[in-house]
There are 2 protein chains.
Amino acid sequence: MRLGAIEAGGTKFICGIGDENGVVFERISIPTTTPEETIGQVVGFFRDKEISAMGIGSFGPVDLDKNSETYGYITSTPKPHWAQYDLVGEIQKHIHVPVAFDTDVNAAAFGELEWGAAKGLDSCIYMTVGTGIGVGAITESRLLHGLTHPEMGHILVRRHPEDHFEGSCPYHKDCLEGMAAGPALEKRWGQKGIELAGNEKVWEYQAHYLSQALVNYILILSPKKMVLGGGVMKQEQLFPLIRKKVLDTLNGYVQHPQLTEENIQDFIVPPGLGDNAGLCGAIALAKTLQQ
Amino acid sequence: MRLGAIEAGGTKFICGIGDENGVVFERISIPTTTPEETIGQVVGFFRDKEISAMGIGSFGPVDLDKNSETYGYITSTPKPHWAQYDLVGEIQKHIHVPVAFDTDVNAAAFGELEWGAAKGLDSCIYMTVGTGIGVGAITESRLLHGLTHPEMGHILVRRHPEDHFEGSCPYHKDCLEGMAAGPALEKRWGQKGIELAGNEKVWEYQAHYLSQALVNYILILSPKKMVLGGGVMKQEQLFPLIRKKVLDTLNGYVQHPQLTEENIQDFIVPPGLGDNAGLCGAIALAKTLQQ
Ligand SMILES: Nc1ncnc2c1ncn2[C@@H]1O[C@H](COP(=O)(O)OP(=O)(O)O)[C@@H](O)[C@H]1O
Ligand SMILES: Nc1ncnc2c1ncn2[C@@H]1O[C@H](COP(=O)(O)OP(=O)(O)O)[C@@H](O)[C@H]1O
Ligand SMILES: [Zn+2]
Ligand SMILES: [Zn+2]
């Protein structure tokens, strides 16, 4: 089986060919410029690849409602040229295979559930902490959708008592993304995340915000695994800090063996698929069309 | 079809007989005292009722994992006599029918989806603001479960800037339940909720906390309807206050026709089944066993 996959991001489109076991045969990266230019190259890549289905995980917001006239569109993005763009439609004009479409983070969650850190489970969340904060979720074996798709990166968090940074979210200022995504770090401290590696206070603040978000996700979704990826999570010292604060904040309220000092390192984890979670997730989406 | 239903609460057990359309033929209320006494009366009520299945929505925490040895138990409740009590097992010793078991609020959400305010949809949440704050959810047509069942009443919220009440949750002090359940109101203001009806500040604070929680539920679960019940929500002036604050806080970030000034009164609503949401939900649970 040859399955096509696209991880459509605001910076680059990663395209690949894989099989039903998540093995990737080939992948390329195409810069995200204008839709004409980028999608032209994407279509060129897939044209003679003899794929039988395609999965797309896309940056958003996207329209996932199959009854909607704008199903398959990237909708109200602030990204120039891409608002109200018919991503699935344009690709299907040129590549005549069925397409499964979801958010980039839902795809990554699905990839991790199929072949990664959450393999064998029926629920997990995947959180990326990068240019933005996005979260995808599987509950009861299904990708989580509803009125729209979740936008968990923007939940409200309590400030760290010493933190006076106003927050960088254009909609909510000091929501989670506004306080803890890469650009918020850079704006608050005047340096890029990678340059702040040795500054303990930076990671204490960061764990304060991310652990709060995880606590709320645990209380609301009760996932069986929490997978944390994205550029900022390359700072591995964050993991133990976050795990400790999650337990401290829950304070024994939710009783489960996973939520103990012994086992939490197996519950809040880095991606099993590394930087391939999104692409593999798109392959997993494509695979659902073949069953 | 004659279906048995129990809404098992910390104050009373409501037992009823209904049919596959949610019509209730008969109901009684039994005080929650000791398990022997209460369950004795419950069993007595159902004994000659010729039901073919039973649904139970229970106060918690409960064990919903069918692979667990303590499936069907009320687990770590602080309520005297009821911790580690095998509710489903004890009932099935005497009433020999299949039993569907879930949390009280999941049952209520299911009732509202089958026959109430969320009829025809595939997702909703049901929130009760009473002695505690509990929330049940249906996502993608399924009752939401995971590692455990959700405990959304305990999410972290930001304080109202003028509110110095320390919070009444024994685990988290100033979590949502600790700031906004009935006992928190009573402790903060020195009067019962019903006596505070005319005090505007009370309901402004209350809307501050409840709207924050709803915003987080919208961002995380994206439900198609939010149903708010329980004693405190009898203060109907809360609904418009909450709706307005939800829109103000989202600030246009999630674009959907339901999330507009025009339509939000159709999105955040009181229970369509009134005080029968829990009992009807238990009937709906029983019905799933007959299909
Ligand atoms: N090793 C690192 N340590 C800390 N921050 C990093 C690191 N690598 C990237 N970042 C930050 O993460 C953000 C980019 O996130 P990334 O996940 O790589 O891309 P994107 O979110 O655009 O897909 C930037 O703000 C960058 O400064
Ligand atoms: N009309 C009302 N207005 C305000 N608060 C109320 C009202 N009725 C009950 N309450 C409060 O709600 C709580 C009881 O909630 P309720 O939903 O009736 O029961 P329970 O949660 O125990 O099932 C109490 O704290 C009570 O003071
Ligand atoms: Zn935001
Ligand atoms: Zn609490």
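Residues numbered from 1 in each chain as written. Chains lettered and ligands numbered in written order. Predicted model: local features only at pLDDT ≥ 70, side-chain atom pairs only at ≥ 80, totals over all residues. Heavy atoms only, no water.

Draft legend 1. Representation of the packing of helix α3 (residues 104-115) of chain B against helix α8 (residues 277-288) of chain B within the structure. Residues and elements named next belong to chain B. The contact between α3 and α8 brings their axes to 7 Å, and the two run at 80°. By the criterion of interaxial angle, the relationship of α3 to α8 is roughly perpendicular. Where α3 approaches α8, its residues Ala 107, Ala 108, Phe 110, Gly 111, Glu 112, Glu 114 and Trp 115 are matched on the opposing element by Ala 277, Gly 278, Cys 280, Gly 281, Ala 282, Ile 283, Ala 284, Leu 285, Lys 287 and Thr 288. Tallied by class, residues from the contact of α3 with α8 come to ten nonpolar, four polar and three charged. (Axes fitted to C-alpha atoms, helices over the stretch in contact; angles between N-to-C directions. Helix = DSSP H or I, 4+ residues; strand = E, 2+ residues; numbered from the N terminus. Parallel < 35°, antiparallel > 145°, perpendicular 65-115°, else oblique. Contact = heavy atoms within 4.5 Å. Nonpolar A, V, L, I, M, F, W, Y, C, P; charged D, E, K, R; others polar.)

Draft legend 2. A look at the domain arrangement of chain A. Residues and elements named next belong to chain A. In terms of domains, chain A is made up of domain 1 (3-106 + 275-288) and domain 2 (120-270). Taken over C-alpha atoms, the centre of domain 1 sits 26 Å from the centre of domain 2. If you look at the interface, domain 1 gives ten residues, while domain 2 gives twelve residues. Both sides together, the interface formed by domain 1 and domain 2 hides about 850 Å², and carbon and sulfur atoms give 58% of it. Our count for the domain 1 to domain 2 interface comes out at one salt bridge. In this structure, the salt-bridge partner of Lys 234 is Asp 275, at a minimum N-O distance of 3.3 Å. Run the count over domain 1 and domain 2 and you get five residue pairs in polar contact (both at pLDDT 80 or more). Going through the elements one at a time, β5 (99-103), α3 (104-115) and α8 (277-288) are the ones with two or more residues in the side of domain 1 that touches domain 2. Looking at the side of domain 1 that touches domain 2 residue by residue, the class counts come to six nonpolar, two polar and two charged. (Domains from an automatic or database assignment. Buried area = accessible area lost by both parts, 1.4 Å probe. Salt bridge = Lys/Arg side-chain N within 4 Å of Asp/Glu carboxyl O. Polar contact = N/O pair within 3.5 Å; in protein donor to acceptor, adjacent residues only side chain to side chain.)

Draft legend 3. Inspection of the relation of the copies chain B and chain A at higher detail. Rotating chain B by 180° and moving it 0.0 Å along the rotation axis overlays it on chain A with an RMSD of 0.0 Å. The transformation just described matches what one would write down for a two-fold rotation axis. Using C-alpha coordinates, one finds that chain B approaches the rotation axis most closely at Arg158(B), a distance of 2.8 Å. Of the residues that chain B buries at the interface, 100% are likewise interface residues in chain A, meaning the two copies contact each other through the same surface. (Least-squares fit on C-alpha atoms with pLDDT ≥ 70 in both.)

Draft legend 4. A look at the coordination of the zinc ion (ligand 4). All names here are of chain B. Protein coordination at the zinc ion (ligand 4): the donors are His 154 (ND1), Cys 169 (SG), His 172 (ND1) and Cys 175 (SG), at 2.1 to 2.3 Å from the metal. Classification of the site at the zinc ion (ligand 4) as tetrahedral follows from its four donor atoms and the range of 102 to 119° in their angles at the metal. Mapped onto the polypeptide sequence, the residues donating to the zinc ion (ligand 4) form the spacing pattern H-x14-C-x2-H-x2-C. You can see His 154 sitting in the loop between β8 (142-143) and α4 (176-180) and its partner His 172 sitting in the loop between β8 and α4, a full 18 residues away along the chain. Each member of the pair, His 154 as well as His 172, is classed as buried. (Donors = N, O, S within 2.8 Å, 3.2 Å for Na, K, Ca; no water. Tetrahedral: all angles 85-135°; square planar, octahedral: opposite > 155°, others 65-115°. Buried < 20%, exposed > 50% of the residue type's maximum accessible area, 1.4 Å probe, protein only.)

Draft legend 5. Quick peek at helix α5 (residues 182-189) of chain A. Residues and elements named next belong to chain A. Those residues of α5 that fall on the buried side of the exposure criterion are Gly 182, Ala 184, Leu 185 and Arg 188. An end-on view of α5 places all buried positions within 165° of arc, on one side of the element. Among the residues trailing α5, Gly 190 stands out with phi positive, at a value near 75°. (Arc of directions from axis to C-beta.)

Draft legend 6. Geometry of the site of ligand 1. Residues and elements named next belong to chain A. The immediate surroundings of ligand 1 are formed by Thr 11, Gly 130, Thr 131, Gly 182, Pro 183, Gly 193, Ile 194, Gly 230, Gly 231, Val 232, Lys 234 and Gln 235. For ligand 1, an oxygen atom lies 2.6 Å from a polar atom in the side chain of Thr 131. At a separation of 2.8 Å, an oxygen atom of ligand 1 approaches a polar backbone atom of Gly 231. For ligand 1, whose unbound accessible area comes to 570 Å², protein coverage reaches 66%. By residue class, the composition of the shell around ligand 1 is three nonpolar, eight polar and one charged. (Near = heavy atom within 4 Å. Areas by Shrake-Rupley, 256 points an atom, 1.4 Å probe, with all protein chains shown as cover.)

Draft legend 7. Highlighting the pairing of strand β9 (residues 226-229) of chain B. Residue and element names in this part refer to chain B. What you see with β9 is no split at all: Met 226 and Leu 228 on one side and Val 227 and Gly 229 on the other are buried throughout. Judged from the four bridges that link them, strand β6 (residues 124-129) and β9 form a sheet pairing that is parallel. By the bridge assignment, Tyr 126 is partnered in β9 with Val 227. In this structure, β9 lies alongside strand β10 (residues 268-269), joined through two bridges in parallel fashion. Within β10, the position partnered with Val 227 by the bridge is Val 269. The parallel pair β9 and β10 is bridged by helix α7 (residues 238-250), and the resulting crossover is right-handed. (Pairing = 2+ DSSP bridges. Right-handed = clockwise from strand over helix to strand, strands pointing away.)

Draft legend 8. Molecular detail of the sheet that holds β5(A). Residues and elements named next belong to chain A. The strand order across the open sheet built from five strands is β3-β2-β1-β4-β5, with neighbouring strands paired in mixed fashion. In this open sheet, the two strands that pair with only one neighbour each are β3 (24-31) and β5. Within the sheet, the average angular offset between the axes of one strand and its neighbour, ignoring direction, is 15°. With six bridges joining them, strand β1 (residues 3-8) and strand β4 (residues 53-58) adopt parallel strand pairing. Residue Gly 4 lies in a different strand from β4, and its bridge partner there is Met 54. Across the sheet, helix α1 (residues 35-46) lies against β1, β2 (12-18), β3 and β4, angled at about 10° from β2, the strand it touches most. Of the strands in this sheet, β4 and β5 touch α3, which is tilted by about 105° from β5.

Draft legend 9. Structural detail: the side chain of Ser123(B). Here Ser123(B) shows up in the loop between α3 and β6. Polar contacts involving the side chain of Ser123(B) include one to the main-chain amide nitrogen of Lys224(B), which spans 3.0 Å. Aside from chain neighbours lying at most four places away, what touches Ser123(B) is Gly146(A), Leu113(B), Ile138(B), Thr139(B), Glu140(B), Ser222(B), Pro223(B), Lys224(B) and Lys225(B).

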